[in-house]
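If you want the building blocks of each chain, they are given just below.
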Amino acid sequence: MFRRSVFISKSSARNVFASQSRFASTKTLRQALEEVIPAKQAQLKALKAEHGQAVLGDVKVEHLIGGMRGLKSMLWEASVLDPLEGIRFHGMTIPDCQRELPAAPEGKEIIAESMLWLLLTGKVPTEAETRQLSRELAEKGELPAYVEKLIDSLPTTLHPMTQLGMGVAALNHDSAFAAAYEKGIKKSEYWTYALEDSINLIARLPALAARIFRNVYNPGTPIAGINKELDLVGNYVNMLGYGGNHDLTEYLRLYISLHGDHEGGNASAHTAREILASCMDVVQANACLKDLVGSTLSDPYLSYAAALYALAGPLHGLANQEVLRWQLNMRKELGDNITHEHIKEFLWRTLKSGQVVPGYGHGVLRNPDPRFTALQEFCDTRPELLADPIIQLVKKTYDVAPDVLKEHGKTKNPYPNVDAASGCVLHHYGITQFKYYTVIFGVSRALGALTQFVWSRALGLPIERPKSLSMDAIEKLVKA
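Small disclaimer: the values here were computed from a predicted structure and weren't measured.

**Side note on the overall build of the protein**
- When its secondary structure is counted, the protein shows 23 helices and two strands.
- The proportion of buried residues among the 480 residues of the protein is 53%.
- In the form shown here, the protein has an accessible surface area of approximately 21,400 Å², with 55% of it arising from carbon and sulfur atoms.

Below you can see the structure in the form of C-alpha cells.
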C-alpha cells in the first residue's frame, strides 16, 4: 500500500507540472519519435561500421534443430528479456514501470497508452501526453462498416482468434503504408506511414475484439459506443459489457500493459517482422511471426494478422486457459478443502502421466516471472480475489510446485510464469469463455509487435533470410 501511495503522489505531482509548465508544448507521439529516431539511426550505423564483425556467439547444430532457442540473431529495440531479472522495457523493470508510467485518471495501474509511448520512444510520457494519446486512440477507434459486416457474417462457431486475424487483415483495405508504397515514397518516410497504420490498428483492436466477443457469446446485445474521455482499455471493457466493473478494468489495464511486449524471439513477434519484408501485397511464436512478416514490407495489418495466428498456437497464446482448465480440474478432483499435500500428490500424478504442469517453466526465464509477481500483488490488494477458491489454489500451487519440479529434475525453470495467474483472475471477474482469452492477449501484444514494425522501417532493417541446411548438409559440415 505504501508503494501505491507514493505512486499516486508522484503521478499527481507530474500532472501538476505538466499542466503548469508543459501542456502548451506537449508533444504528440509522432513528434516524440521524430526526436528519437535520428539518434537510433546513428547508433545502428555506428554498430555496423565499428562492430559489424564482432562475434556474439557460436551457432551449433543444436540451434538449427532446436528452434534457434537462445541464438542471438535478432534486433528488437523495445524490450530485453533477462533470464534472471525478467523483462525490461528500455531498461525499466516492471516495478519501475508501475511507479513511473501514468495511470488512468481514476486508476492506479499502468495503462496501454503510457506503455506504448515508452515502447516506441524509450521515454516516460507525461500525464498530458498520455491523455492526448488516449484521446487520439478513442477518436480513431471506430470500425469501418465493411469490417463490421465481415465479422457479423462469420459463423459464431469460428474460433475467436481466427475471426480476429481476419478482421485485422481486412483493415489492410485502408492501409496508409500500402497506399504510399504503391505511389512511391522514400525509404526515409516509411516509418511515418507505418506509425499511422500502427496507431490506427491499435485504436481499432478493442472495437474489433469486443464485436467478436458479442457475436460469439452474447449475440444480439448492444455494444457500447466509444467514450473519448476514456483510455483504450476503459473503452474495451465498456464494449465487452463489463463497464461498471472498476476492478476488472484495472486488472485488464495491468494485464494488457504487462503483456505488451516480451522481446522479439517469441513466435508471434518474430512472425510479424519477417513477413513485412517479403510480401508487400500481403504483410514474439507472437513476436517472431509478426517480425518475420514485417521484414517483407507488408503493411502493419497483414503483419500483425500473421502474428495473431502464431499467437493462437497451443504452445504460445493458449497457455493461460490451459492453466485455468488444469486448476479447475484439480479443484473438481480434490474438493474444497485442498491442502498443500493434496496439491503435491496431484502435481506428481500430472508429471508421472507424461504431462507438464501448465503455467510453470519458461523458454528463457530461470526465476519467477515478474509479471506473475505483479499479478499476485494485484490480487493481494483485493480481499474478494484472495477469497476466490481458484486464486487461493494458484497461491497454494506456487507454494508447492517449484520443489516438486526441482525434485522431478526435468524442468530448467521450476517457477511460475505469468500464465499461472492471468486466466484465473479473468475467470474470477466473469470472463469465463476460455477461447476468448487469447484474443485479449492479441489486443495487448500489438503494443510491442507494432512498435518493432515502426522501428524496423525507421532503421531500414532488411528482409530476414537465414540460411537453412538439410541434415545431410549438416553432417557433411560437421565431418569437414
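**Here's the deal with the environment of Thr373**
- Inspection of the secondary structure puts Thr373 in helix H18 (residues 370-380).
- A relative accessible area of 33% means that Thr373 is categorised as partly exposed.
- Separated by 43 residues in the primary sequence, Thr373 and Pro416 place their C-alpha atoms 9.1 Å from one another.

**Things to note about the packing of helix H12 (residues 246-258) against H18**
- Between H12 and H18, the least distance of the axes is 11 Å, while the angle of their chain directions is 170°. Looking at the two axes, H12 sits roughly antiparallel to H18. Mapping the contact onto sequence places Asp247, Glu250, Tyr251, Leu254 and Leu258 in H12 and Arg371, Ala374, Leu375 and Phe378 in H18.
- Considered class by class, the residues forming the contact of H12 with H18 number six nonpolar, no polar and three charged.

**Examining helix H10 (residues 190-217)**
- Along its 28 residues, H10 runs 40 Å from first to last C-alpha, staying within 8% of the 40 Å computed at 1.5 Å per residue.
- At Arg204, H10 shows its maximal bend, which comes to roughly 35°, and the proline Pro206 appears one to four places after that position.
- Extensive coverage of H10 is indicated by the burial of 25 of its 28 residues.

**So, the pairing of strand E1 (residues 79-82)**
- Residue alternation in E1 divides its side chains into a buried set, Ser79 and Leu81, and an unburied set, Val80 and Asp82.
- Relative to strand E2 (residues 86-89), E1 runs antiparallel, the two sharing four bridges. Across the sheet, Leu81 pairs through a bridge with Ile87, a residue of E2.
- What sits between the antiparallel neighbours E1 and E2 is a turn of three residues.

**Observations concerning a nonpolar patch on the surface**
- Side chains of Val59, Val61, Leu64, Ile65, Leu469, Leu477 and Val478 sit close together on the surface and give an oily, nonpolar patch of about 650 Å² of accessible area.
- Counting residues per element, the ones that place at least two in the nonpolar patch are helix H3 (61-65) and helix H23 (471-479).
- Considering each element in turn, the nonpolar patch owes the most residues, three residues, to H3.
- As for its placement among the helices and strands, Ile65 is situated in helix H3.
- Owing to a relative accessible area of 65%, Ile65 belongs among the exposed residues under this scheme.

**Here we look at the packing of aromatic side chains**
- Summed over the entire model, instances satisfying the criterion amount to 14 aromatic pairs.
- Look at Tyr181 and Tyr190: their rings are 5.9 Å apart centre to centre, the planes differ by 50°, and that puts the pair in the tilted class.
- Of the residues examined, Tyr190 reaches a relative accessible area of 10% and is grouped as buried.
- An aromatic cluster is present here, built from Phe177, Tyr181, Tyr190 and Phe453 joined pairwise through their rings.
- Of note, Arg382 hangs over the ring of Phe378, and the distance from its end group to the ring centre comes to 3.8 Å.
- Here Arg457 stacks its cationic end above the ring of Phe453, 5.8 Å away from the centre of that ring.

**Digging into helix H21 (residues 419-428)**
- Judged by how many residues are buried, H21 sits mostly within the fold: eight of ten residues are covered.
- Contact partners of the buried residues in H21: H12, helix H16 (319-334), H18, helix H19 (383-386), helix H20 (389-408) and helix H22 (437-458).
- Backbone geometry just after H21 places Gly430 at a positive phi near 95°.

**Things to note about the pattern of salt bridges**
- If you walk through the whole model with that rule in mind, you get 19 salt bridges.
- Across the salt bridge formed by Lys140 and Glu136, the nearest N and O atoms sit 2.9 Å from each other.
- Given the relative accessible area of 30%, Lys140 is considered partly exposed.
- With a relative accessible area of 25%, Glu136 lands in the partly exposed category.
- One salt-bridge network, held together by shared partners, links Glu106, Asp231, Glu250 and Arg253.

**Points about the nonpolar core**
- Core analysis: the largest hydrophobic core is formed by 125 residues, its most contacted members being Tyr236 and Tyr304.
- Each of two domains, domain 1 (54-310 + 439-480) and domain 2 (319-435), supplies a minimum of three residues to this core.

**A closer look at the side chain of Thr397**
- Structurally, the position occupied by Thr397 is in helix H20.
- Those residues in contact with Thr397, other than ones at most four positions away along the chain, are Trp326, Gln327, Met330, Ile343, Tyr360 and Pro402.

**Brief notes about unusual backbone geometry**
- The phi torsion at His90 lies on the positive side, around 50°, for a residue other than glycine.
- Among the secondary structure elements, His90 is positioned in the loop between E2 and helix H4 (94-100).
- A relative accessible area of 25% means that His90 is categorised as partly exposed.

**Details of the packing of H16 against helix H17 (residues 340-352)**
- Between H16 and H17, the shortest axis-to-axis distance is 11 Å and the interhelical angle comes to 120°. When the axes of H16 and H17 are compared, the pair comes out oblique. Classified by chirality, the crossing of H17 by H16 is right-handed. When H16 is examined against H17, the residues Trp326, Asn329, Met330, Glu333 and Leu334 are found in contact with a partner set consisting of His342, Ile343, Phe346, Leu347, Arg349 and Thr350.

**Examining the confidence of the model for the protein**
- Taken over all residues, the pLDDT of the protein has a mean of 87, while the share at 70 or more is 86%.
- Predicted confidence is poor over residues 1-24, with pLDDT under 50, and the contacts of this stretch with residues over four places away or in other chains come to 30 contacts.
- Counting contacts from residues 266-291, a segment whose pLDDT is below 50, to residues more than four positions away or on other chains yields 207 contacts.

What counts, and at which threshold
- Residues numbered from 1 in each chain as written.
- Predicted model: local features only at pLDDT ≥ 70, side-chain atom pairs only at ≥ 80, totals over all residues.
- Heavy atoms only, no water.
- Helix = DSSP H or I, 4+ residues; strand = E, 2+ residues; numbered from the N terminus.
- Buried < 20%, exposed > 50% of the residue type's maximum accessible area, 1.4 Å probe, protein only.
- Areas by Shrake-Rupley, 256 points an atom, 1.4 Å probe, with all protein chains shown as cover.
- Axes fitted to C-alpha atoms, helices over the stretch in contact; angles between N-to-C directions.
- Parallel < 35°, antiparallel > 145°, perpendicular 65-115°, else oblique.
- Contact = heavy atoms within 4.5 Å.
- Nonpolar A, V, L, I, M, F, W, Y, C, P; charged D, E, K, R; others polar.
- Expected span 1.5 Å × (residues − 1).
- Bend = angle between axes of the 7 residues up to and from the residue.
- Pairing = 2+ DSSP bridges.
- Patch = residues over 30% accessible without salt bridge, like charges linked within 9 Å, V, L, I, M, F, W, Y side chains within 5 Å.
- Salt bridge = Lys/Arg side-chain N within 4 Å of Asp/Glu carboxyl O.
- Phe/Tyr/Trp six-rings, centres within 6.5 Å; stacked < 30°, edge-to-face > 60°.
- Lys NZ or Arg CZ within 6 Å of the ring centre and 35° of its normal.
- Core = buried A, V, L, I, M, F, W, Y, C linked by side-chain atoms within 4.5 Å.
- Domains from an automatic or database assignment.
- Left-handed = near helix turned anticlockwise from the far one by under 90°.
- pLDDT = per-residue confidence, 0-100.

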